[in-house]
Amino acid sequence: MNAARIPLVAGNWKMHHGGASAIELAAELTRRAARIDGVEIVLAPPFTALAAVAMTCAEMAEMEHTTPLRVAAQNVHAEDKGAFTGEISPPMLLEAGCTWVIVGHSERRQLFGETDAMVAQKAKAALAHRLHPIVCIGETLAEREAGRALEVVLGQLAAVTDVLVAGKGAVVVAYEPVWAIGTGKTATPADAQEIHGAIRKALAERDPVLAGKTRILYGGSVKPDNTAELLGQPDIDGALVGGASLDAASFEAILRAARQLLDRPARTE
Ligand code: 13P
């Protein structure tokens, strides 16, 4: 982490907690997060729970005299409206109370055929509506074993860089190695930092200001006991958490580990 960027921890609930249990979890997380300052927190429930979670976060924040946890969708369609059965548009997400949206998650790329071009269109549409995109990139195990991790990640980044540079809004890039998602395997802090550093360098070649302020999150089996060492790396600005975000105690522990890093003495680099 770097003091120039506010750390961000996002919980991607995937296809879990679509109704009453989502409200309970959001309320519980607001209570637990109320006294953790300095870390931006985003919850990404399924579409069916977005409006209720956003409302719960707003109401609970008022009761706890704290900033509301922010709400993200897990996907979006690039068009505003039309004959796209089953899809949800950026204006609809805004109406539901979202301020963020995850685009290009590897599960969307691998299981639902999303291409780099589609991911770029979604990020563009989000930015046009002032929804902050969390753009996910990451290599598969086969790509890593073939020594192509950096090439794949930078290729996915390049496909969306023009959109991010033009968008002017706050953007977040999440590096999620596919082989680390839901497997209990994480990249070593050094391997993750290597990729994060390369992502920031590639952004800086296009827009140094954007590169300096873009938060680059790590995702893939982030747990309370590996958060500090991962987020302790200079170019890792937060985490995109799957499984461990479904449990209030473990998500709180991750938030606390991120918060503690802010108290470290500044490093001279
Ligand atoms: P896990 O934390 O369960 O590995 O999931 C990571 C992820 O895909 C977050 O988007």
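This is a predicted model, so every value here is computed, not measured.

### Concerning the site of the ligand
Reasoning step 1: As a matter of local geometry, the ligand sits amid N12, K14, H105, E176, A180, I181, G182, G220, S221, L240, G242 and G243.
Reasoning step 2: N12 places a side-chain nitrogen or oxygen 3.0 Å from an oxygen atom of the ligand.
Reasoning step 3: A distance of 2.9 Å is found between an oxygen atom of the ligand and a side-chain nitrogen or oxygen belonging to E176.
Reasoning step 4: Contact with the protein chains covers 96% of the free accessible surface of the ligand, which is 310 Å².

### Overview of the pattern of salt bridges
Reasoning step 1: Scanning the entire structure with this criterion turns up 20 salt bridges.
Reasoning step 2: E107 is the partner of K14 in a salt bridge, and the nearest nitrogen-oxygen pair spans 2.8 Å. Here K14, found in the loop between β1 (8-12) and α1 (20-33), pairs with E107, found in helix α4 (residues 106-112); they are 93 residues apart in sequence, far enough to count as distant.
Reasoning step 3: A residue is classified by how much of its surface remains accessible, and K14, at 21% relative accessible area, is partly exposed.
Reasoning step 4: With a closest N to O distance of 3.1 Å, R259 and D263 form a salt bridge.
Reasoning step 5: Through salt bridges with shared partners, one network takes in E28, R31, R32, E252 and R256.

### Notes on the packing of aromatic side chains
Reasoning step 1: Within the structure shown, the criterion is met by one aromatic pair.
Reasoning step 2: When the ring centre of F112 is taken as origin, the NZ or CZ atom of R108, which lies over that ring, is 4.2 Å away.

### Digging into the environment of R215
Reasoning step 1: Looking at the element boundaries, R215 is found in strand β7 (residues 215-219).
Reasoning step 2: For the pair R215 and A51, spaced 164 residues apart in sequence, the C-alpha separation works out to 26 Å.
Reasoning step 3: Once residues lying within four places of it in the same chain are set aside, the contact partners of R215 are R5, I6, P7, L8, E40, W100, V171, V172, V173 and D237.
Reasoning step 4: In this structure the side chain of R215 is engaged in a polar contact, spanning 3.0 Å, whose partner is the side chain of E40.

### Notes on helix α10 (residues 224-231)
Reasoning step 1: Listed as buried for α10 are N226, T227, L230 and L231. Each buried residue of α10 lies within a common arc of 120° when the element is viewed along its axis, so the set occupies one face.
Reasoning step 2: The inward-facing, buried residues of α10 contact α8 (189-206), β7, β8 (238-241) and α11 (248-261).

### Thoughts on the sheet that holds strand β2 (residues 40-44)
Reasoning step 1: In spatial order, the strands read β1-β2-β3-β4-β5-β6-β7-β8; together these eight strands close into a barrel with parallel pairing. On average, each strand axis in the sheet is inclined to that of its neighbour by 25°, with strand direction left out of account.
Reasoning step 2: Sheet analysis places β1 next to β2, joined by five bridges and oriented parallel. In the sheet register, G11 faces β2, and the bridge partner there is L43.

### What about helix α5 (residues 116-128)?
Reasoning step 1: An ideal rise of 1.5 Å per residue puts 18 Å on 13 residues; α5 measures up with 18 Å between its terminal C-alpha atoms.
Reasoning step 2: Among the residues making up α5, those that are buried are V119, A120, K122, A123, A125, A126 and L127.
Reasoning step 3: Where α5 is buried, its residues touch α3 (90-96), β4 (100-103), α4, β5 (132-137) and α7 (149-167).
Reasoning step 4: Looking one or two places after α5, you find R130, whose phi comes out positive at around 60°.

### Some remarks on the pairing of strand β6 (residues 172-175)
Reasoning step 1: Neither face of β6 is exposed, since V172 and A174 on one face and V173 and Y175 on the opposite face are all buried.
Reasoning step 2: Bridge analysis of β5 against β6 gives four bridges, and the strand direction is parallel. Residue pairing in the sheet places V135 in a bridge with V173 of β6.
Reasoning step 3: Inspection of the sheet shows β6 paired to β7 by four bridges, in the parallel sense. Counterpart to A174 in the pairing with β7 is L217.

### Let's talk about the side chain of S89
Reasoning step 1: Assignment of secondary structure puts S89 in the loop between β3 (70-73) and α3.
Reasoning step 2: Within polar-contact distance, the side chain of S89 engages the backbone oxygen of D80 at 2.8 Å.
Reasoning step 3: Those residues within four positions of S89 in sequence are excluded, and the remaining contacts are V76, H77, E79 and D80.

### With respect to the packing of α5 against α7
Reasoning step 1: At a minimum axis distance of 9 Å, the contact between α5 and α7 shows a crossing angle of 20°. As far as their axial angle goes, α7 and α5 are roughly parallel. Note that α5 runs across α7; the crossing there is right-handed. Judged by residue contacts, D116, A120, A123, K124 and L127 of α5 engage G155, Q156, A159, V160, V163, L164 and G167 from α7.
Reasoning step 2: Its residues placed into classes, the contact of α5 with α7 shows seven nonpolar, three polar and two charged.

The rules we used
Residues numbered from 1 in each chain as written. Predicted model: local features only at pLDDT ≥ 70, side-chain atom pairs only at ≥ 80, totals over all residues. Heavy atoms only, no water. Near = heavy atom within 4 Å. Polar contact = N/O pair within 3.5 Å; in protein donor to acceptor, adjacent residues only side chain to side chain. Areas by Shrake-Rupley, 256 points an atom, 1.4 Å probe, with all protein chains shown as cover. Salt bridge = Lys/Arg side-chain N within 4 Å of Asp/Glu carboxyl O. Helix = DSSP H or I, 4+ residues; strand = E, 2+ residues; numbered from the N terminus. Buried < 20%, exposed > 50% of the residue type's maximum accessible area, 1.4 Å probe, protein only. Phe/Tyr/Trp six-rings, centres within 6.5 Å; stacked < 30°, edge-to-face > 60°. Lys NZ or Arg CZ within 6 Å of the ring centre and 35° of its normal. Contact = heavy atoms within 4.5 Å. Arc of directions from axis to C-beta. Pairing = 2+ DSSP bridges. Axes fitted to C-alpha atoms, helices over the stretch in contact; angles between N-to-C directions. Expected span 1.5 Å × (residues − 1). Parallel < 35°, antiparallel > 145°, perpendicular 65-115°, else oblique. Left-handed = near helix turned anticlockwise from the far one by under 90°. Nonpolar A, V, L, I, M, F, W, Y, C, P; charged D, E, K, R; others polar.

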